[in-house]
Amino acid sequence: MTDTNDDKLMAAAGRLATEVAPERDLWPGIAEAINTPRRRRWTPMLAQAAAIVLLIGASSAVTYVTVKGQQQPVMQVSPELLFEQTAFGGRYNLGPGFQDARAGLAAQLDVELAKLSPESRAEVEENLKLVNQAIFDINQALAEEPDNTLLQAKLLMAYREELSVLRRVSGLTRNVMMRNDI
Amino acid sequence: MAALLTAKCSDYSRDMVITARDTVAGEAGWIEQAQRSDRQAFESLYRMHVDKVYGLCLRMTGNVSEAEDCTQDAFIQAWNKIGMFRGDSAFATWLHRIAVNTVLGRFRSNKREQDRIQAVSDTETNSFVADDTGELRDLSDAINRLPSGARHVFLLHAVYGYSHDETGSMLGIATGTSKAQYHRARRLLCQQLDDHGYEP
């Protein structure tokens with residue numbers, strides 16, 4: 001094709017129809033879609049993570065109610081209570097401040113637990129096991145989906161919950177000691 | 001008689017200006033209302049722009065049912081994103097961008113689906129853009145036979161008049177790539193049309 005024909009070709013391209021009316025009215029389908037409230041994708045994995053966090057929250061509340069008002073410390077230590085490593089899906093690490101607080105509280109845990117009654121201590125241990133199991137499960141899920149932001153958030157929440165339980169145990173036993181001292 | 005004609009022409013011209021102003025004002029108002037979740041205003045925007053969006057989707061997919069789906073998806077996307085429209089470009093251009101993304105997204109999402117679209121498209125040759133007549137129909141068919149990369153660039157640049165910068169931005173490719181694909185498209189079109197003895 002010559003340059004002239006090439007130019008004509010380009011001119012012809014510019015004459016092609018740019019606006020075309022659809023053969024049917026497409027609005028009803030659009031209207032239906034925009035009138036329907038958007039549903040969030042709810043996968044079994046997310047449902048599981050949400051259920052774990054819900055369970056942690058509920059059990060922590062039970063712990064709080066049980067341990068609250070505890071007056072008589074009991075000298076018994078649970079040596080098997082271990083903490084999950086802070087892998088955060090194998091790709092992230094928790095902040096140094098968070099780790100320091102967690103390590104400090106974990107070191108004090110046995111001493112603090114020894115001041116609680118067997119029932120309360122068992123309750124606390126059970127809750128911490130639940131939290132640690134949740135951390136383990138979410139970490140495993142994150143290993144498969146490292147970029148899942150919801151799972152990352154759930155993991156962070158689980159770590160916070162763990163820290164919260166540890167602080168609560170520490171605070172409550174400190175109150176007990178203060179009352180006993182008086 | 002001349003005075004009457006002048007008056008009529010003047011009236012006609014004034015009406016045109018008023019209509020154009022009303023359209024622009026109407027569009028701006030509808031956008032503002034749609035940004036406040038007014039579905040009726042959004043329907044007005046749809047009515048105003050559906051032919052532009054559908055035309056582009058039809059050219060890019062080469063298939064009526066895919067073009068219809070893409071058009072619907074594009075307007076649903078536009079509804080979801082209309083709060084982000086700041087008027088940096090014309091609303092039609094903004095819609096075109098969304099439509100291009102929608103079509104490309106469908107192409108990328110499933111290779112099998114893409115093959116299916118192409119297969120359906122092949123069976124619908126010569127029938128997909130009824131608005132193209134005579135020799136333009138041949139050109140339209142030749143464009144539809146181009147490889148997708150070259151076809152998309154050619155459509156946006158030569159048919160829709162977007163610059164290579166805009167075309168590259170819409171398709172997610174570099175400006176240089178857009179230029180290269182455009183020249184490739186021209187060469188392939190010339191070959192195809194020469195083979196068919198096409199005289200533009």
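All values derive from a computational prediction rather than experimental measurement.

Cut-offs used in this document
- Residues numbered from 1 in each chain as written.
- Chains lettered and ligands numbered in written order.
- Predicted model: local features only at pLDDT ≥ 70, side-chain atom pairs only at ≥ 80, totals over all residues.
- Helix = DSSP H or I, 4+ residues; strand = E, 2+ residues; numbered from the N terminus.
- Buried ≥ 20, exposed ≤ 12 C-beta atoms within 10 Å, placed from the backbone.
- Contact = placed C-beta atoms within 7 Å.
- Core = buried A, V, L, I, M, F, W, Y, C linked by C-beta atoms within 7 Å.
- Axes fitted to C-alpha atoms, helices over the stretch in contact; angles between N-to-C directions.
- Parallel < 35°, antiparallel > 145°, perpendicular 65-115°, else oblique.
- Left-handed = near helix turned anticlockwise from the far one by under 90°.
- Nonpolar A, V, L, I, M, F, W, Y, C, P; charged D, E, K, R; others polar.
- pLDDT = per-residue confidence, 0-100.

Asker: What's the story with the overall build of chain A in this structure? I'm lost.
Answerer: Broken down by element type, chain A carries 6 helices and 0 strands. Among the 182 residues that make up chain A, the fraction classed as buried is 23%. For chain A, long-range pairs separated by at least 24 residues make up 84% of all intrachain contacts whose partners lie at least 6 apart in sequence.

Asker: Just checking my understanding: could you explain the interface of chain A and chain B for this structure?
Answerer: When the parts of a complex come together, some accessible area is lost, and that lost area is often used as the size of the interface. Listed as interface residues are 24 residues of chain A and, on the opposing side, 31 residues of chain B. The leading source of residues in the side of chain A that touches chain B is helix H1 (residues 3-15) of chain A, at 9 residues.

Asker: Would you take a moment to explain the environment of Gly83 of chain B for this structure?
Answerer: Relative to the assigned elements, Gly83 of chain B resides in the loop between helix H3 (64-81) and helix H4 (91-109). In the structure, Gly83 of chain B is positioned 51 residues away from Glu32 of chain B in sequence and 8.9 Å away in space, judged by C-alpha atoms.

Asker: Just checking my understanding: could you explain the nonpolar core for this structure?
Answerer: The nonpolar side chains of soluble globular proteins are, as a tendency, buried together. Residues Val53, Cys57, Ala74, Ala99 and Phe154 of chain B are the most contacted members of the largest nonpolar core, which totals 48 residues. For this core, the elements supplying multiple residues, two or more each, are H1 of chain A together with helix H1 (2-35), helix H2 (39-61), H3, H4, helix H6 (135-144), helix H7 (148-159) and helix H9 (175-195) of chain B. Dropping the residues within four chain positions of it, Ala74 of chain B is found in contact with Val53, Cys57, Leu95, Ile98, Ala99 and Thr102 of chain B. Listed in part, the 21 residues of the second largest apolar core include Leu130, Ala134, Leu142 and Val165 of chain A.

Asker: Explain H7 of chain B to me, please; I cannot follow it from the model alone.
Answerer: Residues that lie three or four places apart on an α-helix share one face, since the helix turns once every 3.6 residues. Residues and elements named next belong to chain B. In terms of residue burial, H7 counts as a mostly covered element, since 10 of its 12 residues are buried. For H7, every residue scored as buried is listed here: Ala150, Arg151, His152, Val153, Phe154, Leu155, Leu156, His157, Ala158 and Val159. At the exit of H7 stands Gly161, carrying a positive phi of roughly 80°.

Asker: Just checking my understanding: could you explain the packing of H2 of chain B against H3 of chain B for this structure?
Answerer: Angle between the axes and distance between the axes are the two parameters that describe a pair of packed helices. Residues and elements named next belong to chain B. Two numbers describe how H2 lies on H3: the axes approach to 8 Å, and their chain directions differ by 135°. In this view, H2 runs oblique relative to H3, as classed from their interaxial angle. Relative to H3, H2 is oriented so that their crossing is right-handed. Residue-level inspection shows Phe42, Tyr46, Val50, Val53, Tyr54, Cys57, Leu58 and Thr61 of H2 in contact with H3, the latter providing Val64, Glu66, Ala67, Cys70, Thr71, Ala74, Phe75 and Trp79. Partitioned by chemical class, the residues of the contact of H2 with H3 number 13 nonpolar, 2 polar and 1 charged.

Asker: Just checking my understanding: could you explain the environment of Met48 of chain B for this structure?
Answerer: Positionally, Met48 of chain B belongs in helix H2. Considered as a pair, Met48 of chain B and Glu27 of chain B are 21 residues apart in the sequence and their alpha carbons are 8.3 Å apart.

Asker: Help me understand unusual backbone geometry in this model?
Answerer: The general pattern is negative phi for most residues beyond glycine and trans for most peptide bonds. Residues and elements named next belong to chain B. With phi around 70°, Ser37 is a residue other than glycine that occupies positive phi space. In this fold, Ser37 is placed in the loop between H1 and H2. Ser37 gets classed as exposed once you count the C-beta atoms within 10 Å, which come to 12.

Asker: What is the right way to look at the packing of H2 of chain B against H4 of chain B in this model?
Answerer: All names here are of chain B. The interhelical angle for the contact between H2 and H4, taken along N-to-C directions, is 35°, at an axis separation of 10 Å. Like other packed secondary-structure pairs, H2 and H4 cross with a definite hand, here right-handed. Residue-level contacts link His49, Lys52, Val53, Leu56, Cys57, Met60 and Thr61 of H2 to Ala92, Leu95, His96, Ala99 and Val103 of H4.

Asker: Could you clarify how one ought to interpret the confidence of the model for chain B in this entry?
Answerer: Low pLDDT means the predicted coordinates in that region are not meant to be read closely. All names here are of chain B. Summing up the model confidence of chain B, the mean pLDDT is 80 and the portion of residues at 70 or higher is 72%. The low-confidence segment residues 1-18 (pLDDT under 50) makes 0 contacts with residues lying over four places distant or belonging to another chain. In this model residues 123-128 is a low-confidence stretch, pLDDT under 50, and it forms 10 contacts with partners more than four residues away in sequence or in other chains. In the predicted complex, the global pTM is 0.55; the interface-specific ipTM is 0.76.

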